[in-house]
Amino acid sequence: MYKKLICFCCRYLTDQLMKIQVVNDVNKDFVIEALRSIAELITYGDQHDANFFEFFMEKQVMGEFVRILKINKNVIVSIQLLQTMSIMIQNLKSDHSIYYLFSNENINSLITYSFDFRNEELLSYYISFLRAISGKVNKNTISLLVKTENEDVVAFPLYVEAIRFAFHEEGMIRTAVRALTLNIYHVGDVVVNKYISSIPHADYFLNLVNFFKEHCISLNGMVSPTTEGEGSESTSSIFSAVDEIEDNLYYLNDVVSAGIPDVGTLITDSMLKMLIFPLLLPSLRVEVSDEKAFGSVTSLYLLCSILRILKIKDMANTIAAALICSMEAILPNSEAKVNGFKANHDESDESHVDDEKESGNLDCSSMIVSLPSLSTSSSNHHNCWGSASVLRDALISYITNGDDMQVVGSLSVLATFLQTKELDESMLDALGILPQRKQHKKLLLKALVGEDSGEEQLFATENCTLKDGGDGELNIYLQRLKDQYEVSCSYQEVGESPRVHRYLVLDALISLFCRTNISADTLWAGGWLLRQLLPYSETEFNTRHLQSLKESFKKCCSQLVEEERGTWPDLLIQVLCDEWRKCKRAIEASSPRKEPKSILFPTKKSSSSDIIPAESSFAAGETMYERVKVFVLLHQLQVFSAGKSLPDQPPILPPADFPENSRAKSAGLNVIGPKLSTELNLVDAVSCRIAFERGKEREFSFLAISMGTSGWIILAEEFPQKPQYGTVRVVAPLAGCKVSLFFS
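If you're wondering where the values come from, they're calculated on a predicted model, not measured in any experiment. (Residues numbered from 1 in each chain as written. Predicted model: local features only at pLDDT ≥ 70, side-chain atom pairs only at ≥ 80, totals over all residues. Heavy atoms only, no water.)

Student: What am I meant to see in the overall build of the protein here?
Tutor: Along its length, the protein carries 31 helices and 11 strands. Looking at the protein as a whole, 51% of its 744 residues qualify as buried. Sequence separation of 24 or more characterises 71% of the internal contacts of the protein that already satisfy a separation of 6 or more. For the protein, the exposed surface amounts to about 35,100 Å²; the carbon and sulfur share of it is 51%. (Helix = DSSP H or I, 4+ residues; strand = E, 2+ residues; numbered from the N terminus. Buried < 20%, exposed > 50% of the residue type's maximum accessible area, 1.4 Å probe, protein only. Contact = heavy atoms within 4.5 Å. Areas by Shrake-Rupley, 256 points an atom, 1.4 Å probe, with all protein chains shown as cover.)

Student: Which parts of the structure should I look at to understand the nonpolar core?
Tutor: Nonpolar side chains in soluble globular proteins tend to end up buried together. In this structure, Phe 129, Phe 156, Tyr 185, Met 271 and Ile 276 are the most contacted members of the largest nonpolar core, which totals 194 residues. Contact partners of Phe 129, with chain neighbours within four places excluded, come to Leu 82, Met 85, Ser 86, Ile 89, Ile 107, Leu 110 and Ile 111. Within the second largest apolar cluster, 12 residues are counted, among which are Ala 667, Ile 705, Ile 714 and Ala 716. (Core = buried A, V, L, I, M, F, W, Y, C linked by side-chain atoms within 4.5 Å.)

Student: Sorry, what's going on with the sheet that holds strand S8 (residues 686–693) here?
Tutor: Pairing between the strands of a sheet is mediated by backbone hydrogen bonds and can be parallel or antiparallel. In spatial order, the strands read S7-S11-S10-S9-S8; together these 5 strands make up an open sheet with antiparallel pairing. The outermost strands of the open sheet, each flanked by one partner alone, are strand S7 (679–681) and S8. Ignoring which end each strand starts from, the neighbouring axes of this sheet average 50° apart. As judged from the 7 bridges shared by strand S9 (residues 696–707) and strand S10 (residues 710–719), these two strands associate in the antiparallel manner. Its bridge partner lying in S10, Met 707 is registered against Ser 710. (Pairing = 2+ DSSP bridges. Axes fitted to C-alpha atoms, helices over the stretch in contact; angles between N-to-C directions.)

Student: How should I be thinking about unusual backbone geometry in this particular structure?
Tutor: Only a minority of non-glycine residues have a phi that is not negative, and only a minority of peptide bonds are not trans. Here Ile 199 and Pro 200 are connected by a cis peptide whose omega angle stands at 5°. Within the element layout of this structure, Pro 200 appears in the loop between helix H11 (190–196) and helix H12 (203–222). One non-glycine residue, Glu 105, lies in the positive phi region at around 65°. Owing to a relative accessible area of 31%, Glu 105 belongs among the partly exposed residues under this scheme.

Student: I'm lost on helix H5 (residues 75–91) in this one. Help?
Tutor: Given 3.6 residues per helical turn, the α-helix brings residues three or four places apart onto the same face. Between its first and last C-alpha, H5 extends 24 Å over 17 residues, near the 24 Å set by a 1.5 Å rise per residue. The set of residues buried in H5 consists of Val 77, Ser 78, Ile 79, Gln 80, Leu 81, Leu 82, Thr 84, Met 85, Ser 86, Met 88 and Ile 89. Where H5 is buried, its residues meet helix H2 (28–48), helix H4 (61–70), helix H6 (95–102), helix H7 (106–111) and helix H8 (120–135). Near the N-terminus of H5, the side chain that reaches the backbone nitrogen of Ile 76, with its oxygen 3.0 Å away, is that of Asn 74. (Expected span 1.5 Å × (residues − 1). Polar contact = N/O pair within 3.5 Å; in protein donor to acceptor, adjacent residues only side chain to side chain.)

Student: Sorry, what's going on with a nonpolar patch on the surface here?
Tutor: The grouping of Val 686, Phe 702 and Ile 713 at the surface amounts to a nonpolar patch, some 230 Å² of accessible area in total. For Val 686, the position within the fold is in strand S8. (Patch = residues over 30% accessible without salt bridge, like charges linked within 9 Å, V, L, I, M, F, W, Y side chains within 5 Å. Salt bridge = Lys/Arg side-chain N within 4 Å of Asp/Glu carboxyl O.)

Student: Sorry, what's going on with helix H14 (residues 263–280) here?
Tutor: Of all the bends in H14, the largest measures some 40° and sits at Leu 272. Within H14, 15 of the 18 residues are buried, which leaves the element mostly enclosed by the surrounding structure. (Bend = angle between axes of the 7 residues up to and from the residue.)

Student: I'm lost on the pattern of salt bridges in this one. Help?
Tutor: In a structure, side chains of opposite charge can pair up when their charged atoms sit close to one another. The tally for this structure, following the rule as stated, stands at 27 salt bridges. Close ionic contact of Asp 507 with Arg 544 constitutes a salt bridge, the shortest N to O distance being 3.2 Å. With Asp 507 in helix H24 (residues 499–513) and Arg 544 in helix H26 (residues 543–564), the pair connects residues that are 37 residues apart, well separated along the chain. For Asp 507, a relative accessible area of 11% corresponds to the buried category. Relative accessible area serves as the criterion here: at 47%, Arg 544 is assigned to the partly exposed category. If you follow the salt bridges from partner to partner, you end up with Asp 521, Arg 593, Lys 594 and Lys 629 in one network.

Student: I'm lost on the environment of Ser 641 in this one. Help?
Tutor: If you trace the backbone, Ser 641 turns up in helix H29 (residues 617–641). When its relative accessible area of 10% is taken as the criterion, Ser 641 is described as buried.

Student: Could you clarify how one ought to interpret the pairing of S8 in this entry?
Tutor: Consecutive residues of a regular strand have side chains that alternate between opposite faces of the sheet. Where S8 lies against S9, 7 bridges are found, and the strand directions are antiparallel. Looking at the pairing, Glu 693 lines up with Lys 696 of S9. The loop that links S8 with its antiparallel partner S9 comprises 2 residues; one of these, Gly 695, has a positive phi angle of about 80°.

Student: Would you explain the packing of aromatic side chains in this entry?
Tutor: Within a pair of aromatic rings, the relevant descriptors are the distance that separates the centres and the angle that separates the planes. Counted according to the given criterion, the structure contains 16 aromatic pairs. Here Phe 117 and Tyr 126 contribute two aromatic rings whose centre-to-centre distance is 4.8 Å and whose plane-to-plane angle is 50°, an arrangement assigned as tilted. Look at Phe 117 and you get buried, because its relative accessible area is 19%. Where Tyr 185 meets Phe 205, the ring centres are 6.0 Å apart and the plane angle is 40°; that geometry is what we call tilted. Of this pair, Tyr 185 sits in helix H10 (residues 171–185) while Phe 205 sits in helix H12, and the two are 20 residues apart along the sequence. Like Tyr 185, the residue Phe 205 is buried in the burial classification. Grouped by ring-pair contacts, the aromatic residues Phe 156, Tyr 159, Phe 167, Tyr 185, Tyr 204, Phe 205 and Phe 211 constitute a single cluster. Over the ring of Tyr 725 we find Lys 722; its NZ or CZ atom is 4.7 Å from the centre of that ring. (Phe/Tyr/Trp six-rings, centres within 6.5 Å; stacked < 30°, edge-to-face > 60°. Lys NZ or Arg CZ within 6 Å of the ring centre and 35° of its normal.)

Student: Can you help me understand the packing of H4 against H5 in this one?
Tutor: When two helices pack together, you describe them by how their axes are tilted relative to each other and by the distance separating the axes. Where H4 contacts H5, the axes come no closer than 10 Å and their chain directions differ by 155°. In terms of orientation, H4 lies roughly antiparallel with respect to H5. Relative to H5, H4 is oriented so that their crossing is left-handed. Contacts from Met 62, Phe 65 and Leu 69 of H4 reach H5 at Ser 78, Leu 81, Met 85 and Met 88. Taken together, the residues of the contact of H4 with H5 break down into 6 nonpolar, 1 polar and no charged. (Parallel < 35°, antiparallel > 145°, perpendicular 65-115°, else oblique. Left-handed = near helix turned anticlockwise from the far one by under 90°. Nonpolar A, V, L, I, M, F, W, Y, C, P; charged D, E, K, R; others polar.)

Student: Can you help me understand the state of the cysteines in this one?
Tutor: All chains considered together, the criterion is met by 0 disulfides. In this model Cys 556 remains outside any disulfide bridge; the closest cysteine sulfur is found in Cys 557, 6.3 Å from its own. (Disulfide = S-S within 2.5 Å.)

Student: Which parts of the structure should I look at to understand the packing of H14 against helix H16 (residues 313–323)?
Tutor: Packing of H14 against H16 leaves a shortest axis separation of 10 Å and a crossing angle of 35°. The element H14 and its partner H16 pack so that their crossing is right-handed. Contact residues: H14 offers Ile 267, Thr 268, Met 271, Leu 272, Ile 276 and Phe 277, while H16 offers Asp 314, Met 315, Thr 318, Ile 319 and Ala 322. The class makeup of the residues in the contact of H14 with H16 is 8 nonpolar, 2 polar and 1 charged.

Student: Mind showing me how you'd approach the side chain of Ser 270 here?
Tutor: Looking at the element boundaries, Ser 270 is found in helix H14. Since its relative accessible area comes to 5%, Ser 270 is described here as buried. Those residues in contact with Ser 270 that lie beyond four places of it in its chain are Leu 206, Val 209 and Leu 275.

Student: Would you take a moment to explain the environment of Gln 479 for this structure?
Tutor: Note that Gln 479 resides in helix H23 (residues 474–483). Along the primary structure Gln 479 and Ala 321 are separated by 158 residues, whereas in three dimensions their C-alpha atoms are 9.7 Å apart.

Student: Hey, could you run me through the confidence of the model for the protein in this one?
Tutor: In low-pLDDT segments, the atomic positions of the prediction should not be examined closely. Chain-level statistics for the protein give a pLDDT mean of 79 and a share of 75% at 70 or above. This stretch, residues 491–496, has a pLDDT under 50; its non-local contacts, to residues over four places away or in other chains, come to 22 contacts. Across residues 656–660, where pLDDT falls below 50, the model places 6 contacts with residues more than four positions away in sequence or in other chains. (pLDDT = per-residue confidence, 0-100.)

Given below as structure tokens:
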């Protein structure tokens, strides 16, 4: 009986819908309800009774939907039809139903219908409709949505209409379109992939890169020097821009991972020619007069993000190869200035990029990249700020001379290269960041296969100057810069030991640890990189390195001694123990502590002194923490440079047996001091009653104790079953008091 009733409703609704010749205000409500009901019945028939679905096929209901749309002038009916189709498509389970829905070109007629997209609600339902279709696309159904001639796809309305809205201002629409395109890309249909990667549809990928570039330009404006210190609104805007940039990169990576021929190459070439070569790499060492020029901090962050998220081997290796090249080759000749001064190039020099051209259209034919000998680069590195001619040396210069954000950025770029699995080891070696264990493995393999240079270099001293030409894929990508990107490259064989590459970076890191104007967090990042390069041996440190570290450690010790006479001496030991463990974990971790986005935010808050007086206890506490963190790092580097393993706890000697320590001994405290839930002997405690809430008094034991120069006030709660013993419930430091006098 129930099925008969449903069957009657089906026939009635279908017949009534077929009688309608025009949709107007009089019958629009019936049409809307009929569309909704028919969709529900089709869904029911798909899941419960195939006869219902056969009836709809017989009546050509999909064709009727298209006819209703064509005779309709009411936007509400269009919205209802799109919503009905979306819900129906999403809920159909059987392949038979999907084949019917996608056949006879009816679905393509709905896709290509000229809707009035000025109505935002209509556009939203249309995009949902397209996305619902893409969710049902597979190798069997995709052929129903395309038109072919001679086994080639000539039309794909679903894809073409969707990417029209790929760069819509509404983020939800962009997200839906991206999900739709990925559904299509991952089908893996060879003929469809050929259509997608052919002209003019391949322009979509170029537009994606250009869209990404515009977001990068927008971010650069937010983090430029003129916008520093604008408060929480500026920080929030930067976070939003960073999220958008990383979303774009993840989408590009998903596109590449779909494995469509030529798309990965197209995206790689576009990123290099439109963004990396003309904008990011030049800004690492150049100040330009153009206000649109990228800042070094923004470029460092973007390079990190591109390498970390976009897993393209050719791109990673090409960027690495470009960093080994002379920076004058990649810079606009009329605007390039090193250290604020224009480079003295001859007017006939071919090493330039036409500054009349748009940044998105790099004229690679006008670029000449020369790779000077590494010995020249090495000597330049130790000279003035602007003397480095290789972009790799520019990164090293930031470590030795840059501000906090530039140091973090440079360290992050090197760390990102180090963790990029797509990067060849020869690239790491040329950049100076090939880890020691991999360097030894490489030379050992050379020795095993009978290459004399491998055996000689494996046992060479640091001053040995054996040749090691660019091996592995380094030469391949240097040649690719010339052939594929029309960049003229010359590579002179390096006449020094392979260790010299890493010594450039090692020298810079040692110099960094000796700097006093860099935050502790940044120094910890440098410590992580050092441990990655030299994980198990102290032999890489020369006498100058050890002496520099020793002198820097002595200065830090003197500063820490001053803290004993400062406001927070009672917290020194506890902070020292805590930060020791944190620092050990940080520098021995498999990856850096912070994400690349931290490059964009200063580690030190310059504005804090404007809010909090420098003489306040809070400011003193911040200073104390900073000094302890620097001390801990340098102390651990001292241990590491001596070839010893780092202990889990700092080597703190127990305090001398002063009279004021007797109460701490009686209480049974260890050298670290009291902590919450620590068990104490309450023999010297004073009983008291304290109310933390009105009318609720509790019995406590009050105890004032000290250890060395540190003192605490303790409230302990006695154990009912264990008299004279209790557990610490509240502990507070005695800040800035002379505990030796107070407790004498």
